[in-house]
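# Secondary and tertiary structure notes
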Amino acid sequence: MELGDVLRDRRKAAGRTIASVAVDAGLSVPYIANLENGRGNPTLAALDRLATALGARLEIRIDDEAPAPPPSAAADLVATSDRANEVLATLNRPHATARRDLITTLDTLQSLLGHPPTPADLNRLLDLVQLAD
C-alpha cells in the first residue's frame with residue numbers, strides 16, 4: 001500500500017479533514033494533500049507528526065526478513081469447522097493442499113467483502129466446493 005493511501009485511509013477512518021490533521025501536525029493543508037495524492041517527499045519528522053496527529057505510531061524498519069504475514073481469520077474459521085474437515089476429506093486432492101486453497105479463497109473473499117469471513121461465508125463456499133466435485 002502506498003503512503004498516500006495509508007494516510008488518506010487513516011484520516012478518513014478517524015472522520016477527520018485534511019485541515020484538522022494539518023493543524024494537529026503543524027503542517028500545511030497542501031503539503032498533506034500532496035502526500036495523500038502520492039506527491040512529495042516527506043521528512044521523517046513530518047511523517048512522525050502526521051502519525052501522531054492521526055493517533056498512530058511511525059515505525060521504520062530495515063530488515064533482512066520479510067514481515068510476517070498478518071494472521072488469517074479464515075485459517076481460524078476453517079480450523080474450528082467440523083464441516084470444512086468433512087468436505088475436505090471427500091476431495092480427490094491432498095487434504096493439506098485443499099485446506100490451504102480454502103483458506104486462501106476465504107482470505108480473498110475477505111478483501112472483496114471488506115470484513116472477515118463468517119461461518120455462513122465458509123458454508124456457502126463449502127457448498128460450492130461440493131457442487132463442483
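Before reading further, recall that the structure is shown in the block above.
Residues numbered from 1 in each chain as written. Predicted model: local features only at pLDDT ≥ 70, side-chain atom pairs only at ≥ 80, totals over all residues. Heavy atoms only, no water.

### Here we look at the overall build of the protein chain
Counting its regular elements, the protein chain contains 8 helices and 0 strands. Overall, the protein chain shows an N-to-C arrangement of helices and strands of α-α-α-α-α-α-α-α. In terms of C-alpha radius of gyration, the protein chain reaches 21 Å, well past the compact-globule figure of 14 Å for 133 residues. Dimensions along the principal axes, computed over C-alpha positions, put the protein chain at roughly 60 × 35 × 25 Å. Looking at the protein chain as a whole, 27% of its 133 residues are labelled buried. By sequence separation, contacts in the protein chain at least 24 residues apart represent 49% of the contacts at least 6 residues apart. Total accessible area on the protein chain stands at roughly 8900 Å², and carbon and sulfur atoms take up 55% of it. One way to put it: in the protein chain the 14 positive side-chain charges average out to a point 7 Å from where the 18 negative ones average out. (Helix = DSSP H or I, 4+ residues; strand = E, 2+ residues; numbered from the N terminus. Rg over C-alpha atoms; globule rule 2.2 N^0.38 Å. Buried < 20%, exposed > 50% of the residue type's maximum accessible area, 1.4 Å probe, protein only. Contact = heavy atoms within 4.5 Å. Areas by Shrake-Rupley, 256 points an atom, 1.4 Å probe, with all protein chains shown as cover. Lys, Arg positive; Asp, Glu negative; His and termini not counted. Charge placed at Lys NZ, Arg CZ, Asp CG, Glu CD.)

### Considerations on the nonpolar core
Of all hydrophobic cores here, the largest spans 14 residues; its most connected members are Val78, Ala84, Leu88, Leu102, Leu106, Leu122 and Leu126. Going through the elements one at a time, helix H5 (73–79), helix H6 (82–90), helix H7 (95–113) and helix H8 (119–132) are the ones with two or more residues in this core. (Core = buried A, V, L, I, M, F, W, Y, C linked by side-chain atoms within 4.5 Å.)

### Observations regarding H8
Helix length check: H8, at 14 residues, gives a terminal C-alpha distance of 20 Å against a target of 20 Å (1.5 Å per residue), a fit within 8%. Along H8, the residues classified as buried are Asp121, Leu122, Leu125 and Leu126. All buried residues of H8 lie within an arc of 135° about the axis, which places them on one face of the element. Summarising the geometry of H8, the exposed residues directed more than 90 degrees from the buried face are Arg124 and Leu131. In this structure, the buried residues of H8 make contact with H5, H6 and H7. (Expected span 1.5 Å × (residues − 1). Arc of directions from axis to C-beta.)

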